[in-house]
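Each chain is listed here by its residues.
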Amino acid sequence: MRRRSLLIAVPAGLATLAACGDEDSGSSEASDSPSPSASQPSAAPSPKIVDGPLPAITAGTKLGEKPTIAKGSGDPSKDLAVKTVIAGNGGTVAENDYVQANYLGQVWATAKVFDNSYDRKTPLVIQLAQGSIIDGWRYALAGKKVGSRVQMAVPPTWGYGTQGNSQAGIKGTDTLVFVVDVQGTFNAKSSAKGTEVAQDSVDLPKVGTNTDGKAPSIEVPDTDAPTKLVASYILEGDGEKVGAEDSVLVQYKGVLWDGGKEFDATYTNKQLASFSLQQVVKGWAQGLTGKKVGSRVLVVIPPDLGYGDNPPQGSGIKKDSTLVFSVDILAKM
């Protein structure tokens, strides 16, 4: 199991219907490292952001390279020090966006590296929201462009507070230094951007191919529902394939085969969904495993791989319903 970043708060639960799993399913995202608590948001005022001081990056100076950062010299600023080392020209990061980034973090006074994503070869994807990530990141990355390298020095007030993080060897007096390579940003208006794939079968739903962030149309045919799982590309992306134990960030829309009525959608909720494939109904887990990041996927789930005779209360889903989803796989987490 991939170790989770020290920056992440343990998720309190999954809000979407699609993320309701079988009763005996377990989460692959159980944290094995401490993290800021989402139930204890910071009471500190917004920080003053200053240019420095910041220790030098002595090696790995190109975007995407694992950096080496010198030990901090003298006393760090009590304010949040932020510098754009390399300016990108992609989309602008906003608070509450999900940001995809590689990063390295170390302690100012000792240069001890306590976490980095470069060695894991999997970038972090996390929401810049209070309680989801340390406040230093929230304030430092908002307004930055995709393709940027950002360096920051985070005092305890906007890091782990006076309690520090003992498992990571971070004391309550430690200022933390980060280098962050911003690879992507996602919000409620994001869509998959893959190559359109022909939808030839008259017996399967037709899904819209718009990539403007609006919900795609789903036209269910007037035929009997398939008895086996269907998982086919509508737009085929060029990203990594999703593994059975991965977590994903998605946009989705779900309708009933019988009547085509929508019962849940991130587009309607105006909030992306993120979850482990081990936390969802079997049809989602099996349907998305092996699919590429950046894709839109049609997933038709028969009752035995969905909710069967026990649909979620208040969902509008009847017993033994066949479910139809359009799923945009935005990122692996």
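Definitions and limits used
Residues numbered from 1 in each chain as written. Predicted model: local features only at pLDDT ≥ 70, side-chain atom pairs only at ≥ 80, totals over all residues. Heavy atoms only, no water. Helix = DSSP H or I, 4+ residues; strand = E, 2+ residues; numbered from the N terminus. Contact = heavy atoms within 4.5 Å. Polar contact = N/O pair within 3.5 Å; in protein donor to acceptor, adjacent residues only side chain to side chain. Buried < 20%, exposed > 50% of the residue type's maximum accessible area, 1.4 Å probe, protein only. Pairing = 2+ DSSP bridges. Phe/Tyr/Trp six-rings, centres within 6.5 Å; stacked < 30°, edge-to-face > 60°.

**Q** An account of the environment of lysine 253 is requested, with residue identities and associated values reported.
**A** Structurally, the position occupied by lysine 253 is in strand E14 (residues 247–256). Separated by 38 residues in the primary sequence, lysine 253 and alanine 215 have C-alpha atoms spaced 7.0 Å apart. Beyond its immediate chain neighbours, meaning those up to four positions away, lysine 253 contacts Ala215, Pro216, Ser217, Ile218, Glu262, Asp264, Ala265, Tyr267, Val324, Phe325 and Ser326. Side-chain polar atoms of lysine 253 contact the backbone oxygen of proline 216, separated by 3.0 Å.

**Q** Now, about unusual backbone geometry: what can you tell me, with residues and values included?
**A** Cis geometry is adopted by the peptide bond preceding proline 53, which originates at glycine 52 and carries an omega value of 5°. Locating proline 53 in the fold gives a position in the loop between strand E1 (49–50) and strand E2 (57–59). Even without being a glycine, aspartate 320 presents a positive backbone phi close to 55°. Tracing the backbone shows aspartate 320 in the loop between strand E17 (296–301) and strand E18 (323–332). Given the relative accessible area of 52%, aspartate 320 is considered exposed.

**Q** Residues and numbers for the side chain of serine 295, please.
**A** Of note, serine 295 is situated in the loop between helix H3 (282–288) and E17. At 2.8 Å, the side chain of serine 295 and the backbone oxygen of lysine 292 are in polar contact. Excluding residues that lie within four positions of it along the chain, serine 295 makes contacts with Ala192, Tyr233, Leu235, Glu236, Gly237, Val327, Asp328 and Ile329.

**Q** I'd like to hear about the pairing of strand E8 (residues 149–154), residue by residue, with values.
**A** If a strand is regular, its side chains alternate between the two faces of the sheet. The element E8 is extensively covered by neighbouring structure, given that 6 of its 6 residues are classed as buried. The alternating pattern of E8 places Arg149, Gln151 and Ala153 on one face and Val150, Met152 and Val154 on the opposite face, and all of these are buried. Relative to E8, strand E4 (residues 80–86) is paired through 5 bridges, and the arrangement is antiparallel. Paired with isoleucine 86 across the strands is arginine 149, a residue of E8. Pairing of E8 with strand E9 (residues 176–186), which is carried by 6 bridges, proceeds in the antiparallel orientation. When the sheet's bridge partners are listed, arginine 149 is paired in E9 with aspartate 181.

**Q** I'd love a proper account of the packing of aromatic side chains, names of residues and values included.
**A** For the coordinates displayed, the defined rule picks out 8 aromatic pairs. Ring centres 5.8 Å apart and planes at 90° place the aromatic pair phenylalanine 114 and phenylalanine 178 in the edge-to-face group. Of this pair, phenylalanine 114 sits in strand E6 (residues 113–116) while phenylalanine 178 sits in strand E9, and the two are 64 residues apart along the sequence. The pair formed by phenylalanine 114 and phenylalanine 178 is uniform in burial state, with each residue classed as buried. When the centroid spacing of 6.1 Å and the interplanar angle of 65° are considered together, the rings of tyrosine 252 and phenylalanine 325 count as edge-to-face. Taken as a pair, tyrosine 252 in strand E14 and phenylalanine 325 in strand E18 lie far apart in primary sequence, 73 residues in all. Grouping residues by exposure puts tyrosine 252 and phenylalanine 325 together as buried.

Remember that the coordinates give geometry; whether it matters functionally is a separate question.
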